[in-house]
Amino acid sequence: MGSKRAKLGVMRAIQAIKPGGPSVLRVCDVPDPTPGPGEVLVAATAMGVNFIDTYRRSGVYTMPFPHIPGQEGSGEVLAVGDEVDDSGTLAPGAPIAWADSVTGSYADQVVVKADRVLPLPQGVPPEIAAALPLQGMTADYLVRSTFEVKADHTVALYAAAGGVGGLATQMILATGARLLAVVGTQAKAEVCEELGVPHDDIIITGVMRDLTVDLAEAIHDRTDGEGVDAVFDSIGKDTFRASLRALRRRGTLVLFGGSSGQVPPFDPQELNAHGSLFLTRPTLADYTSTRRELIERARRVFGAAARGELDVRIGQTFPLEEAAAAHQALEGRGTTGKVVLVP
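Residues numbered from 1 in each chain as written. Predicted model: local features only at pLDDT ≥ 70, side-chain atom pairs only at ≥ 80, totals over all residues. Heavy atoms only, no water.

**Things to note about the overall build of the chain**
Note the following rule: Where helices and strands are cited, they refer to DSSP runs of H or I of at least four residues and of E of at least two residues respectively, numbered from the N terminus. Just to be clear, the radius of gyration here is over C-alpha atoms, and the globule rule we use is 2.2 Å times residues to the power 0.38. Each residue's exposure class comes from its accessible area (1.4 Å probe, protein chains only) as a fraction of the maximum for that residue type: buried when under 20%, exposed when over 50%, partly exposed otherwise. Pairs of residues are marked as contacts when any of their non-hydrogen atoms sit within 4.5 Å. Throughout, the Shrake-Rupley method with a 1.4 Å probe supplies accessible areas, and for residues the shown protein chains are the sole cover considered.
Within the chain, the regular secondary structure consists of eleven helices and 15 strands. Its C-alpha atoms give the chain a radius of gyration of 20 Å, near enough to 20 Å, the size a compact globule of 343 residues would have. Projected onto its principal axes, the C-alpha coordinates of the chain cover approximately 65 × 40 × 35 Å. Of all 343 residues assigned to the chain, the portion counted as buried reaches 53%. A separation of at least 24 residues holds for 67% of the contacts in the chain among residues at least 6 apart in sequence. In the structure as shown, the chain presents an accessible area of about 14,700 Å², 49% of it carried by carbon and sulfur atoms.

**Let's talk about the packing of aromatic side chains**
Operational definition: Note on ring pairs: Phe, Tyr and Trp rings are taken, using the six-membered ring of Trp, and paired if centres are within 6.5 Å. Classes follow the plane angle, with under 30 degrees stacked, over 60 edge-to-face and the rest tilted.
One pass over the full model with this rule turns up four aromatic pairs. Ring plane angle 65° and centroid distance 5.0 Å describe the contact between Phe-240 and Phe-266, whose orientation is recorded as edge-to-face. Of the two residues, Phe-240 sits in helix α7 (residues 240–246) while Phe-266 sits in the loop between β12 (247–255) and α8 (269–273), which places them 26 residues apart along the sequence. Judged by its relative accessible area of 3%, Phe-240 is buried. Assessed through its relative accessible area of 24%, Phe-266 is described here as partly exposed. Each member of the aromatic cluster is reached from another via a ring pair, and the members are Phe-51, Tyr-55 and Tyr-61.

**Points about the nonpolar core**
The following threshold applies: By nonpolar core is meant a set of buried Ala, Val, Leu, Ile, Met, Phe, Trp, Tyr and Cys residues that side-chain atoms within 4.5 Å join together.
Counting residues in each nonpolar core, the largest one holds 54 residues, and the members touching the most others are Leu-132, Ile-172 and Phe-232. Those residues within four positions of Phe-232 in sequence are excluded, and the remaining contacts are Leu-142, Phe-147, Val-149, Val-155, Ala-156, Leu-157, Tyr-158, Ile-172, Val-254 and Phe-256. Core analysis: the next-biggest nonpolar cluster, separate from the first, contains 35 residues, Cys-28, Ala-44, Ala-323 and Leu-341 among them.

**Focus on helix α10 (residues 291–306)**
Rule in force here: Multiplying one less than the number of residues by 1.5 Å gives the expected span of a helix.
An ideal rise of 1.5 Å per residue puts 22 Å on 16 residues; α10 measures up with 22 Å between its terminal C-alpha atoms. Among all positions in α10, only Leu-294, Ile-295, Arg-297, Ala-298, Val-301, Phe-302, Gly-303, Ala-304 and Ala-305 are buried. In the segment just after α10, Gly-308 is the residue with positive phi, at about 80°.

**Structural notes on the pairing of strand β9 (residues 178–183)**
As a reminder, the rule being used: DSSP calls a pair of strands paired once it identifies at least 2 bridges connecting them. Classification remark: right-handed applies to a crossover when, strands pointing away from the viewer, the course from the first strand over the helix to the second runs clockwise.
Among the six residues of β9, five are classified as buried, and the element is accordingly described as predominantly covered. Across five bridges, the pairing between strand β8 (residues 154–158) and β9 is parallel. Bridging from a neighbouring strand, Ala-156 pairs with Leu-180 of β9. Taken together, β8, helix α4 (residues 163–175) and β9 form a β-α-β motif whose crossover is right-handed. Sheet topology places β9 next to strand β10 (residues 202–204); three bridges connect them, and they run parallel. Across the sheet, the residue bridging to Ala-181 is Ile-202, located in β10. In this fold, the crossover linking β9 to β10 by way of helix α5 (residues 186–195) has right-handed handedness.

**Structural notes on the side chain of Thr-288**
Here is the rule: Under the rule applied, a polar contact is a pair of N or O atoms within 3.5 Å (in protein, one hydrogen donor and one hydrogen acceptor; residues adjacent in sequence only if both atoms are side-chain atoms).
By the secondary structure assignment, Thr-288 is in the loop between α9 (284–287) and α10. The class of Thr-288 is buried, set by a relative accessible area of 2%. Reaching out from Thr-288, the side chain makes a polar contact with the backbone oxygen of Leu-284 at a distance of 2.9 Å. When residues no more than four places from it in sequence are discounted, the contact partners of Thr-288 are Arg-116, Met-137, Glu-293, Leu-294 and Arg-297.

**Observations concerning the sheet that holds β9**
Operational definition: The axes used here are C-alpha line fits, helices contributing only the stretch in contact, and every angle between their N-to-C directions lies in the interval 0 to 180 degrees.
As summarised here, the arrangement of the six strands in space is β10-β9-β8-β11-β12-β13, forming an open sheet in which the pairing is parallel. In this open sheet, the two strands that pair with only one neighbour each are β10 and β13 (278–280). For this sheet the average axis-to-axis angle between neighbouring strands, irrespective of direction, equals 15°. Relative to strand β11 (residues 228–233), β8 runs parallel, the two sharing three bridges. Within β11, the position partnered with Val-155 by the bridge is Ala-230. Contacting β9 and β10, α5 crosses the sheet at an angle of about 170° to β10.

**Focus on the environment of Gly-70**
Along the chain, Gly-70 turns up in the loop between α1 (51–58) and β4 (73–80). Between the C-alpha atom of Gly-70 and that of Glu-322, which follows or precedes it by 252 residues, the distance is 14 Å. For Gly-70, the contacting residues outside a window of four places in its chain are Asp-53, Ser-101, Gly-104, Ser-105 and Tyr-106.

**Observations regarding unusual backbone geometry**
Residue Pro-66 follows Phe-65 across a cis peptide bond; omega there is -5°. Tracing the chain through its elements places Pro-66 in the loop between α1 and β4. We note that Asp-224 has phi near 55°; this positive angle belongs to a residue other than glycine. In this structure, Asp-224 sits in the loop between α6 (211–221) and β11.

**Some words on the confidence of the model for the chain**
Applicable threshold: A residue's pLDDT is the confidence the predictor assigns to it, expressed on a 0 to 100 scale.
Per-chain confidence: the chain averages 94 in pLDDT, with 97% of residues scoring 70 or above. Within the model, the stretch residues 1–7 combines pLDDT values under 50 with 21 contacts to residues more than four positions away or in other chains.

Written as structure tokens, this is what we have:
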């Protein structure tokens with residue numbers, strides 16, 4: 001099939017001009033992208049903001065500079081490249097979402113690989129569609145695959161009122177398992193209660209002097225000294241030692257983020273010393289490596305949102321040109337729910 005290409009023009013985009021803080025994000029005019037073979041051009045309607053965007057902007061992850069940040073978003077199909085069937089899901093005007101893009105998502109137009117396009121069910125608003133690809137599918141793989149939570153488990157989840165955390169909280173509770181929801185403030189504790197976490201199963205870290213000791217003790221106090229079957233730790237450096245101490249024998253530490261910084265090198269013998277523990281550092285790419293698995297997770301998450309079974313909370317919405325403020329809010333841990341940019 002011949003290529004359908006938009007006319008060459010100029011669009012607005014956010015670029016990270018060099019490694020650094022949020023101030024390195026600048027509004028720029030750049031040429032409109034065009035889809036290559038096996039690619040789709042999308043008019044963006046909303047873009048999700050995630051911690052991985054801040055890691056790439058700051059230089060924690062190796063990236064070329066300047067670059068357009070952002071992996072996920074939602075929008076409507078504008079055109080397709082060669083070797084792409086522009087019917088059905090990829091027909092012009094069709095609403096879609098994506099969890100990773102070719103050109104970066106903080107822009108008016110985005111190029112996405114056709115085999116990574118996520119079809120949307122009816123009834124999912126653009127902001128919700130942009131909020132779910134990364135965080136929704138991350139929560140899904142953590143709870144269903146990395147450590148399959150079952151009714152007889154007791155697990156701890158950090159940042160339980162955040163973007164991934166709020167979704168994972170709901171998924172864990174739906175299994176019938178006991179969840180110890182760890183949050184930083186009373187306001188976020190109230191969010192967890194609204195999601196169904198019992199008051200006594202919420203742990204607030206903001207009042208703790210020594211996370212390594214106090215957090216582990218709080219978890220042991222609530223489990224009669226046994227510890228939990230799994231800890232889902234998105235905080236990293238500040239909580240890693242507490243997570244090891246909070247696990248019961250042969251427990252699993254799922255380290256899926258580093259909002260406080262990356263965990264420094266450690267001696268694997270510590271896993272033995274704390275009870276023959278398991279440690280994993282998963283990524284979404286490895287849990288959506290095939291088209292089949294990607295679509296299964298997307299359909300499960302988007303379907304739950306469309307049916308009202310999953311409460312997707314948009315914490316803050318920023319205009320595209322205020323991407324720096326969005327990053328600052330996210331890194332300051334002052335957000336509850338998802339941060340979204342809109343063109």
